[in-house]
2 protein chains.
Amino acid sequence: MTDLTSTGAATAPIKRGRGEKSSATIYDIAKLAGVNPSTVSRALSKPGRVSAKTQKIIEDAAAELNYQVNPFARALPTGRTQTIGLIVADITNPTFFDIIRGAETTGSARDYTLVLAESAESPETEVTAARRLLSTVDGLILASPRMDDDQIRDLAADKPVAVINREITGVPCVVPDVNKGISEAVRSLAANGHQKLAYVAGPAQSWMTGRRWEGVKAAAEWSKLSAVRLESSKPTVDGGRQVARDVLESGATAVITYNDLLAIGLMQELQAGGMSVPDQISIVGFDDIFGADFTTPALTTVRSPLGECGTRAVTILLDMLQGHEAPLEAVRVETELVVRGSSGRLLV
Amino acid sequence: MTDLTSTGAATAPIKRGRGEKSSATIYDIAKLAGVNPSTVSRALSKPGRVSAKTQKIIEDAAAELNYQVNPFARALPTGRTQTIGLIVADITNPTFFDIIRGAETTGSARDYTLVLAESAESPETEVTAARRLLSTVDGLILASPRMDDDQIRDLAADKPVAVINREITGVPCVVPDVNKGISEAVRSLAANGHQKLAYVAGPAQSWMTGRRWEGVKAAAEWSKLSAVRLESSKPTVDGGRQVARDVLESGATAVITYNDLLAIGLMQELQAGGMSVPDQISIVGFDDIFGADFTTPALTTVRSPLGECGTRAVTILLDMLQGHEAPLEAVRVETELVVRGSSGRLLV
DNA sequence: CGCGTTTTGTCAACCGGTTGCCAAATATTG
DNA sequence: CAATATTTGGCAACCGGTTGACAAAACGCG
């Protein structure tokens with residue numbers, strides 16, 4: 001850090017890192033076009049504020065110098081950065097891939113750049129990252145946040161914030177409505193002769209794991225199935241493997257897991273132990289992540305349209321930035337059951 | 001864009017988005033500490049420039065006001081942004097996950113923020129994104145770039161650039177050295193009785209597909225196997241399915257594919273057609289992506305340490321930013337064969 | 001053609017830091 | 001204790017845009 005400034009360039013005309021053509025400024029344009037810099041600024045960002053004639057002259061000059069605004073110079077007085085932040089718990093968790101992509105795509109379509117940060121599943125890192133990011137972006141998206149409701153409201157008091165996969169009053173949220181997908185799943189399991197159902201839960205800090213369990217419980221009751229909740233150590237393939245033993249002991253013939261990774265790990269472990277899926281036990285995951293159809297049998301899962309969640313969150317944010325009000329109600333997106341090979345008729 | 005500025009806020013005290021406590025500045029600190037703003041600036045960013053005593057006074061004042069630098073104000077005069085850009089062809093392509101994570105982790109460890117952009121596999125979008133990003137970051141990483149060598153050199157002339165998965169003279173590169181992994185793979189196939197080998201190539205713009213083919217060809221020659229090259233339509237699961245027919249026609253009993261997705265698609269299609277893997281045909285992928293072990297049999301693959309590539313690229317970049325020279329030679333990282341179930345003895 | 005209105009462009013201040021240069025304060029030395 | 005060397009802090013300019021206030025120019029109208 002220190003060296004950075006003291007190394008060379010002491011005598012040289014310090015400018016831009018190492019580039020030579022230290023890009024044109026509005027002053028250069030002004031000189032070339034024979035007008036005042038402020039006129040250039042207006043021509044370039046306040047449509048209609050200058051006459052069509054000068055507008056053209058300025059635009060031509062800008063093109064000739066191939067001018068690009070300096071985002072920092074613009075951000076300094078205005079606070080606008082044309083940037084939105086996205087915080088996810090774990091970059092390598094495929095659940096987030098679609099969210100990231102949805103957000104990135106929608107953002108760039110409206111000339112916003114996405115800045116990504118990871119919280120490594122830790123509430124503390126998450127808050128730190130959020131604070132750091134918040135000062136440099138126009139708005140923030142929290143995907144499956146682990147921090148407190150109040151901390152989120154704090155952030156939201158500073159700048160527009162949208163939350164994905166969790167519902168918090170007073171903050172705009174986009175949440176998959178699990179009920180449709182879950183009831184489809186439970187009904188389908190009931191129709192296939194299952195009577196005892198297990199739900200493998202995710203991390204305690206996850207708001208979603210609770211919603212999903214409630215959905216499963218309710219749907220099971222409705223379909224006259226018994227349902228038990230089992231805890232997993234972590235929401236990964238490995239966690240799924242570890243919970244296999246509990247699943248067997250529970251006597252359930254159908255399992256719904258908090259997410260697909262758990263389902264995959266569970267299925268691998270059960271198969272390794274000689275169980276046949278779905279003949280002896282049916283497995284249903286959650287999210288339809290990348291790779292859910294790589295398994296044999298392919299995984300039946302409740303799909304959340306995560307790409308859409310990303311898109312919606314960005315849209316809400318950008319709307320808020322334009323002065324629109326945040327939606328009072330959480331935006332709900334539909335979930336659906338994707339039937340593949342891992343669930344089916346119970347062969348006694 | 002337009003509306004954004006003209007909508008509201010005309011009468012309101014425009015300040016910071018909507019926050020109230022529009023964060024403290026060095027001027028506030030200076031007032032509180034009874035010193036000059038420039039002294040504050042020095043205390044906070046030039047270790048050793050001010051006396052320990054004033055240093056402490058200033059730090060206390062900063063803490064009390066819980067001051068955070070305004071990154072834009074800092075970036076404006078210095079050009080430093082504490083930010084590095086990463087451009088990938090496709091965010092949802094799992095090949096990049098590890099690169100992204102490696103880069104993110106290494107970056108944040110050194111207080112750099114990662115900005116991510118996607119080129120959607122298009123050389124044009126890629127150049128645009130790169131240019132846009134370049135002006136706002138301290139350095140840029142291109143992962144598997146699709147643009148011309150010269151365009152990359154152009155970028156590199158402006159700011160530090162590092163390239164992953166491609167070798168370009170004059171630009172620092174991090175490339176997996178495929179030879180070790182490939183020869184392990186080919187030797188293992190030869191040892192298992194295979195004589196005819198097929199390589200399923202990736203997209204023509206991909207520099208890597210050529211390297212891998214050359215590696216396969218050379219290793220095959222050395223092991224006295226025959227090798228043919230087949231083209232795929234796209235480097236995805238679907239592309240793998242489509243190439244299955246050509247693979248069968250080629251008469252090869254062992255296949256190495258450009259990447260894991262192709263391998264998985266190919267395996268699924270062959271199995272669906274009644275072939276047994278690996279008894280009748282062995283399949284080896286490339287990259288060991290997330291999910292490569294979800295398949296049955298799990299995929300044998302040549303693993304590139306992509307996380308390490310990300311880490312190395314960031315390290316090179318940050319070193320360059322500290323004034324170090326860019327490494328003249330491409331940095332090579334080792335690849336290795338990960339033997340799983342999809343390759344093995346040929347049962348005739 | 002003169003007057004009021006609207007449009008268009010200029011001036012200057014500001015956003016919040018950084019840094020070269022200089023003078024004051026302090027430390028070192030003979 | 002004076003003279004010199006070294007720290008330390010202050011001043012002011014600058015980075016590159018934005019924007020409110022105002023004046024000049026262009027326009028409309030009786």
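The structure presented is a predicted model; accordingly, all values stated were derived computationally and were not measured.

K.L.:
I would appreciate a short explanation of the relation of the copies chain B and chain A in the present structure.
P.N.:
Think of it as a corkscrew move, a rotation about one axis and a shift along it, taking one chain copy to the other. Expressed as a screw transformation, the operator carrying chain B onto chain A has a rotation angle of 180 degrees and an axial translation of 0.1 Å, and the superposed copies differ by an RMSD of 0.1 Å. Accordingly, the operation relating the two chain copies is best matched by a two-fold axis. The fraction of interface residues of chain B whose copies in chain A are also interface residues reaches 95%, indicating that both copies meet through the same surface.

K.L.:
Can you walk me through the pattern of salt bridges in this structure?
P.N.:
Opposite charge on two side chains makes pairing possible when the charged atoms of those side chains draw close. All names here are of chain A. Applying the stated rule across the entire model yields 42 salt bridges over all chains. As a salt-bridge pair, Asp149 and Arg166 come within 2.7 Å of each other at their nearest N and O atoms. With a gap of 17 residues between them, Asp149 in helix 8 (residues 149-158) and Arg166 in the loop between strand 4 (161-164) and strand 5 (173-177) connect regions that are remote in the sequence. Given a relative accessible area of 30%, Asp149 falls into the partly exposed group.

K.L.:
When you look at the pairing of strand 10 (residues 300-303) of chain A in this model, what are you seeing that I'm missing?
P.N.:
It is a general feature of regular strands that their side chains alternate between the two faces of the sheet. All names here are of chain A. Relative to strand 10, strand 9 (residues 282-286) runs parallel, the two sharing three bridges. Across the sheet, the residue bridging to Gly285 is Thr301, located in strand 10. Pairing between strand 10 and strand 12 (residues 336-338): three bridges, direction antiparallel. Considered in strand 12, the bridge of Thr301 is made with Val338.

K.L.:
Quick question: what am I supposed to make of the interface of chain B and chain A here?
P.N.:
It is common to give the size of an interface as the accessible area that goes away when the parts come together. Each partner contributes to the interface: chain B provides 66 residues, whereas chain A provides 63 residues. A combined buried area of about 5,500 Å² lies between chain B and chain A, and 58% of that area is made up of carbon and sulfur atoms. The interface formed by chain B and chain A includes four salt bridges. Note that B:Glu118 is salt-bridged to A:Arg101, the shortest N-O span being 2.8 Å. Taken together, the links from chain B to chain A amount to eight residue pairs in polar contact (both at pLDDT 80 or more). Elements with a minimum of two residues in the side of chain B that touches chain A: helix 1 (2-6), helix 5 (71-78), helix 6 (95-109), strand 2 (113-118), helix 7 (123-134), helix 8 (149-158), helix 12 (260-272) and helix 13 (306-321) of chain B.

K.L.:
Got a minute to help me understand the sheet that holds strand 7 (residues 226-230) of chain A in this structure?
P.N.:
The strands making up a sheet associate through backbone hydrogen bonding, with each pair oriented either parallel or antiparallel. All names here are of chain A. In space, the six strands of this open sheet follow the order 7-6-8-9-10-12, with mixed pairing throughout. Strand pairing shows two members of the sheet lacking a second neighbour, strand 7 and strand 12, which therefore form its edges. The sheet shows a mean angle of 20 degrees between the axes of neighbouring strands, taken without regard to direction. Where strand 8 (residues 254-257) meets strand 9, three bridges bridge the pair, whose relative direction is parallel. Bridge assignment links Ala254 to a residue of strand 9, and that residue is Ser282. Running over the sheet, helix 10 (residues 207-222) touches strand 6 (196-200), strand 7, strand 8 and strand 9 and is turned about 175 degrees from strand 6. Sitting on the sheet, helix 12 (residues 260-272) touches strand 6, strand 8, strand 9 and strand 10, and the angle it makes with strand 9 is about 155 degrees.

K.L.:
Please explain the protein's contact with DNA strand C as it appears in this structure.
P.N.:
Around DNA strand C, the structure places 29 residues, and the nearest of them are A:Arg49, A:Thr54, B:Ser41, B:Arg42 and B:Arg74. The sugar-phosphate portion of DNA strand C accounts for 53% of its atoms within 4 Å of the protein, the bases making up the rest. Taking A:Ser51, its main chain carries an N or O atom lying 3.3 Å from a phosphate oxygen of DNA strand C. The contact in question runs from a base oxygen of DNA strand C to an N or O atom on the side chain of B:Arg42, over 2.4 Å. Going through the elements one at a time, helix 3 (37-45) and helix 5 (71-78) of chain A together with helix 2 (26-33), helix 3 (37-45) and helix 5 of chain B are the ones with two or more residues in the surface near DNA strand C. Looking at which element gives the most residues to the surface near DNA strand C, the answer is helix 5 of chain B, with five residues.

K.L.:
Where do I start with helix 8 of chain A in this structure?
P.N.:
Because each turn of an α-helix spans 3.6 residues, side chains separated by three or four positions in sequence point in the same direction. All names here are of chain A. Within helix 8 the residues assigned to the buried category are Ile152, Leu155, Ala156 and Asp158. For helix 8, the angular spread of the buried residues around the axis is 155 degrees, confining them to a single face. Those residues of helix 8 hidden inside the fold are in contact with helix 7 (123-134), strand 3 (139-143) and strand 4.

Calculation rules
- Residues numbered from 1 in each chain as written.
- Chains lettered and ligands numbered in written order.
- Predicted model: local features only at pLDDT ≥ 70, side-chain atom pairs only at ≥ 80, totals over all residues.
- Heavy atoms only, no water.
- Least-squares fit on C-alpha atoms with pLDDT ≥ 70 in both.
- Contact = heavy atoms within 4.5 Å.
- Salt bridge = Lys/Arg side-chain N within 4 Å of Asp/Glu carboxyl O.
- Helix = DSSP H or I, 4+ residues; strand = E, 2+ residues; numbered from the N terminus.
- Buried < 20%, exposed > 50% of the residue type's maximum accessible area, 1.4 Å probe, protein only.
- Pairing = 2+ DSSP bridges.
- Buried area = accessible area lost by both parts, 1.4 Å probe.
- Polar contact = N/O pair within 3.5 Å; in protein donor to acceptor, adjacent residues only side chain to side chain.
- Axes fitted to C-alpha atoms, helices over the stretch in contact; angles between N-to-C directions.
- Near = heavy atom within 4 Å.
- Arc of directions from axis to C-beta.

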